[in-house]
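Each chain, written out:
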Amino acid sequence: MKAAVYYQNGDPSVLRYEDVPDPVCHPKGVIIRVEAVSVEGGDTLNRLRGALATTPHIVGYQAAGEIIDVGAEVTHLKVGDRVATVDGYGSHAELRPVPARNCWPIPAGLDPAKAAVVPVAFGTAHECLFGRGGLKSGETALIQAGASGVGIAAIQLAKQAGATVIATASSDERLDRLKVYGLDHGINYARDGVAAEVKRLTGGKGADVVVDPVGGTTLQSSIDSLAYRGRLSMVGAAGREPMKVDVATLMYGNQSLSGVFLGAEIMTDRVHDMIQGLIENVAQGKIEVLIDRRYALSEAAEAHAYIESRQAVGRVILMP
């Protein structure tokens with residue numbers, strides 16, 4: 001099969017499009033013929049500095065496609081089923097082996113590219129807002145990096161829950177594109193101070209729930225944006241900066257900071273069922289998956305470079 005691989009960490013130029021051996025199906029797994037790869041921020045971080053589980057290494061968490069082989073111990077899936085999948089690596093390829101537990105059936109008629117985006121981006125957003133954030137109708141949610149996959153998911157889910165939604169992005173143009181998804185107020189972080197703007201927009205109160213997939217120096221602005229008894233979900237390090245923050249104000253404001261890593265619970269019934277429900281909602285048009293660009297799998301280096309340029313609004317897809 002063909003795959004986008006690399007032999008050492010580095011910038012997008014380390015990616016090569018090469019022939020690699022076809023995978024062998026595990027008794028508790030399946031193999032899919034990949035139709036769409038959702039390129040995650042974590043994929044670019046792993047390429048830059050993550051451990052290589054194989055050499056050459058095939059990076060990537062999420063992909064969707066058609067099952068072409070089923071392990072002997074798998075009873076709930078069959079050849080021909082189309083599924084969205086998540087695993088630690090291996091998405092950037094024509095074929096992908098994955099544990100059967102890490103598969104979610106795709107409803108008929110749903111674009112596999114959209115299905116591929118849902119488990120991590122929408123699952124993470126849901127966990128940040130509700131699993132840890134406890135967001136309620138009438139509260140205010142601040143979504144950092146609103147134009148990211150997690151950001152766009154969180155904007156929609158927060159708005160549907162009855163919250164006032166504030167989000168940040170690097171330009172007014174990117175913020176304007178988010179209004180259709182439920183954004184009430186946008187903050188251009190390249191021009192305005194985030195915490196000051198949040199306080200201004202909320203009459204000095206602050207945000208009840210903050211979702212921060214950026215970390216680094218952005219995390220401090222998230223802390224400073226919290227309302228009394230506010231809840232902050234930290235869910236990534238897209239900023240690629242050290243997380244040096246002052247947490248003293250959390251005590252005085254009776255506020256909380258929670259780390260969220262969906263991968264630690266993705267095989268639980270709770271999270272598995274939550275993700276399946278989100279996929280069904282996408283299929284029914286209740287929530288939208290925004291795809292910014294689609295690249296051929298052979299163009300993986302270009303796709304990674306585009307993501308790292310921070311121009312994308314929504315997810316970037318690779319098509320084998």
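## Thoughts on the pattern of salt bridges
Part 1 of the reasoning: A complete count under the given rule lists 17 salt bridges for this structure.
Part 2 of the reasoning: For Glu-139, the salt bridge goes to Arg-231, with nearest N and O atoms at 2.9 Å. With a gap of 92 residues between them, Glu-139 in the loop between helix 2 (112-132) and strand 8 (140-143) and Arg-231 in strand 12 (residues 226-234) connect regions that are remote in the sequence.
Part 3 of the reasoning: Connected via shared salt-bridge partners are Glu-127, Glu-265 and Arg-270.

## So, the environment of Thr-249
Part 1 of the reasoning: As for its placement among the helices and strands, Thr-249 is situated in helix 7 (residues 248-252).
Part 2 of the reasoning: Distance in space between the C-alpha atoms of Thr-249 and Gly-162 is 28 Å, their sequence separation being 87 residues.
Part 3 of the reasoning: Once you skip the residues sitting within four places of it in the chain, Thr-249 turns out to touch Ile-223 and Gln-255.

## Points about the pairing of strand 5 (residues 82-86)
Part 1 of the reasoning: The element strand 5 is extensively covered by neighbouring structure, given that 4 of its 5 residues are classed as buried.
Part 2 of the reasoning: In this structure, strand 4 (residues 62-70) lies alongside strand 5, joined through 5 bridges in antiparallel fashion. Bridging across to strand 5, Gln-62 finds its partner in Val-86.
Part 3 of the reasoning: Judged from the 3 bridges that link them, strand 5 and strand 7 (residues 103-105) form a sheet pairing that is antiparallel. Bridge assignment links Thr-85 to a residue of strand 7, and that residue is Cys-103.

## What about the nonpolar core?
Part 1 of the reasoning: Membership of the largest hydrophobic core comes to 55 residues, with the highest contact counts inside it found for Phe-122, Leu-129, Ile-143, Ile-155 and Ile-275.
Part 2 of the reasoning: Contributing elements (two or more residues each) for this core: strand 5, helix 2, strand 8, helix 3 (149-160), strand 9 (164-169), strand 11 (207-212) and helix 8 (269-283).
Part 3 of the reasoning: By residue number, the principal contributor to this core is helix 2, which donates 11 residues.
Part 4 of the reasoning: Here Phe-122 is in contact with Val-117, Ala-153, Gln-156, Leu-157, Leu-278, Ile-287, Glu-288 and Val-289, once residues within four sequence places are set aside.
Part 5 of the reasoning: Judged by nonpolar contacts, the second largest core, of 27 residues, contains Val-14, Leu-77, Val-98 and Tyr-295.

## A look at the packing of aromatic side chains
Part 1 of the reasoning: A full pass over the atoms with the stated rule returns 1 aromatic pair.
Part 2 of the reasoning: Aromatic side chains Tyr-295 and Tyr-306 sit 6.4 Å apart centroid to centroid with 50 degrees between the ring planes, which places their arrangement in the tilted category. Highlighted residues: Tyr-295 in strand 14 (residues 291-296) and Tyr-306 in helix 9 (residues 300-308), separated in sequence by 11 residues. Tyr-306 matches Tyr-295 in its accessibility class, with the two residues each being buried.
Part 3 of the reasoning: Positioned over the ring face of Tyr-306 is Arg-293, at 3.9 Å from the centre of the ring.

Rules used in this analysis
Residues numbered from 1 in each chain as written. Predicted model: local features only at pLDDT ≥ 70, side-chain atom pairs only at ≥ 80, totals over all residues. Heavy atoms only, no water. Salt bridge = Lys/Arg side-chain N within 4 Å of Asp/Glu carboxyl O. Helix = DSSP H or I, 4+ residues; strand = E, 2+ residues; numbered from the N terminus. Contact = heavy atoms within 4.5 Å. Buried < 20%, exposed > 50% of the residue type's maximum accessible area, 1.4 Å probe, protein only. Pairing = 2+ DSSP bridges. Core = buried A, V, L, I, M, F, W, Y, C linked by side-chain atoms within 4.5 Å. Phe/Tyr/Trp six-rings, centres within 6.5 Å; stacked < 30°, edge-to-face > 60°. Lys NZ or Arg CZ within 6 Å of the ring centre and 35° of its normal.

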